[in-house]
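Here is what each chain is made of, one letter per residue.
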Amino acid sequence: NQYWHSLYYFNLYRFIIGSILVIITWKFQLANFGSYHYLLFLYTSLGYIFFSSIAMLFIKLRYPNINWQLTIQIIGDIIFFSVMLYASGGIRSGLGDLLLVSLAGAGLINRGHLALFFASIATISVLLQETYSLLTIDSYPVQYAQAALLSMTYFAVACLARQLAKHILVSEQLAKEHSIDLSNIIQVNQLIIQYSQESILVVDKYGNILQHNTLAEKLLNLDSSTHQTELLKLSDYVPEIANRLTSWQGDSNISFDLLRLNHSNALVRTRFLPIQ
């Protein structure tokens, strides 16, 4: 679910970028965007919006699988931005930088898989676009040096995203292992408490009963039907023990006499221990 949500927001970003490009080109007619072929740039931007909308629909359907969807979307990004680069006169328009976000996002969502492959496709696309522009646009300034620097940036971002994704995977694995360890510890503690020959309560600083064994449940008449879904309040069942707990929290060296419970008239000895 986390991956699908990330992919959905990634496409929402695509939709917003496409909308911004259409608005600033159609409404404000900035010189850099669509400077060579205005209508081609405008139609490509509209197509990019439609592409992101269709992608979000398939994300909702979750078909095909997330790897295929991500691959199709990144290749779509490369194609659309390459066409927009051509329509805007090449690298100098600055649109090639938007592919950096796509490559970084793909590396993080896909946990580093195919990150270098996407960078290679983007590099080939930029170089082909430069070559085609040089052959078809009159007096086109050669920008292979800028294209090479941009390609190097693509690979750098892909490598960084891949390394970051590896660190995320390691962190997720450690968190999962710690969660399992904590769950095991809780289960062991519950077993120890359950089979103890004393009535045991585990109470937090707010007076809520977090754990108890069967002996305590019978002695204090705890409601076993609700303790799994909501916390029991110690003061609601045995206020006399709750008062002693408050006194002990103020002075841990205090000693208590035997206590007779009001509801059962049972005589008990209370002992309090801190849990670190």
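This is a predicted model, so every value here is computed, not measured. (Residues numbered from 1 in each chain as written. Predicted model: local features only at pLDDT ≥ 70, side-chain atom pairs only at ≥ 80, totals over all residues. Heavy atoms only, no water.)

Structural notes on the overall build of the protein
Tallying secondary structure elements over the protein gives nine helices and five strands in all. When the helices and strands of the protein are read in sequence order from the N terminus, they spell out α-α-α-α-α-α-β-β-α-β-α-α-β-β. Principal-axis analysis of the C-alpha atoms gives the protein an extent of 100 × 35 × 35 Å. Residues classed as buried in the protein amount to 39% of the 276 residues present. When contacts within the protein are restricted to residue pairs at least 6 apart in sequence, long-range pairs at least 24 apart make up 59% of them. Total accessible area computed for the protein in this model is approximately 16600 Å², and 62% of it derives from carbon and sulfur atoms. Distance between charge centres in the protein, computed from 16 positive and 16 negative side chains, equals 4 Å. (Helix = DSSP H or I, 4+ residues; strand = E, 2+ residues; numbered from the N terminus. Buried < 20%, exposed > 50% of the residue type's maximum accessible area, 1.4 Å probe, protein only. Contact = heavy atoms within 4.5 Å. Areas by Shrake-Rupley, 256 points an atom, 1.4 Å probe, with all protein chains shown as cover. Lys, Arg positive; Asp, Glu negative; His and termini not counted. Charge placed at Lys NZ, Arg CZ, Asp CG, Glu CD.)

Details of the packing of aromatic side chains
In this description, a pair of aromatic rings is defined by centroid distance and the angle of the planes. Scanning the entire structure with this criterion turns up 12 aromatic pairs. Both rings, one in Phe33 and one in Phe41, keep their centres 5.7 Å apart while their planes meet at 15°; by these two values the pair is stacked. Relative to Tyr132, the ring of Tyr86 lies with its centre 5.2 Å away and its plane at 50°, an arrangement referred to as tilted. Of this pair, Tyr86 sits in helix H3 (residues 66-87) while Tyr132 sits in helix H5 (residues 115-136), and the two are 46 residues apart along the sequence. (Phe/Tyr/Trp six-rings, centres within 6.5 Å; stacked < 30°, edge-to-face > 60°.)

Here's the deal with unusual backbone geometry
Peptide bonds are trans in most cases, and residues, glycine excluded, mostly fall at negative phi. Cis peptide bonds are those with omega within 30 degrees of zero, and the linkage from Tyr63 to Pro64 qualifies with -5°. Within the secondary structure, Pro64 is located in the loop between helix H2 (38-61) and H3. The backbone of Leu114 sits at a positive phi, close to 65°, despite the residue not being glycine. Secondary-structure assignment places Leu114 in the loop between helix H4 (98-109) and H5. At Asn265, a residue that is not glycine, the phi angle is positive and equals roughly 65°.

What about the layout of surface pockets?
In this structure, the largest pocket spans a volume of roughly 1100 Å³. If you trace the largest pocket, you find 30 residues lining it, with Ile200, Leu201, Val202, Arg271 and Leu273 closest to the centre. Counting only elements with at least two residues in the lining of the largest pocket, the list comes to helix H6 (144-194), strand S1 (201-203), strand S2 (208-212), helix H7 (214-220) and helix H9 (239-250). (1 Å grid on protein atoms, 1.4 Å probe; cavity = no way out; pocket = protein on both sides within 12 Å on 5 of 7 lines; lining within 4 Å. Points joined across faces, edges and corners; volume = space filled by probe spheres on them.)

Quick look at the sheet that holds S1
Across the sheet, which stays open at both edges, the three strands sit in the order S1-S2-S3 with antiparallel pairing between neighbours. At either end of the open sheet lies a strand with only one pairing partner, and these are S1 and strand S3 (232-233). The sheet contact formed by S1 and S2 spans three bridges and is antiparallel. Bridging from a neighbouring strand, Val202 pairs with Gln211 of S2. Contacting S1 and S2, H6 runs over the sheet at an angle of about 80° to S2. (Pairing = 2+ DSSP bridges. Axes fitted to C-alpha atoms, helices over the stretch in contact; angles between N-to-C directions.)

Let's talk about a nonpolar patch on the surface
Among the surface-exposed residues, Phe50, Ile54, Leu57, Phe58, Leu61 and Tyr63 lie close enough to one another that they form a single nonpolar patch of about 650 Å² accessible area. Looking at the secondary structure, you find Phe50 in helix H2. (Patch = residues over 30% accessible without salt bridge, like charges linked within 9 Å, V, L, I, M, F, W, Y side chains within 5 Å. Salt bridge = Lys/Arg side-chain N within 4 Å of Asp/Glu carboxyl O.)

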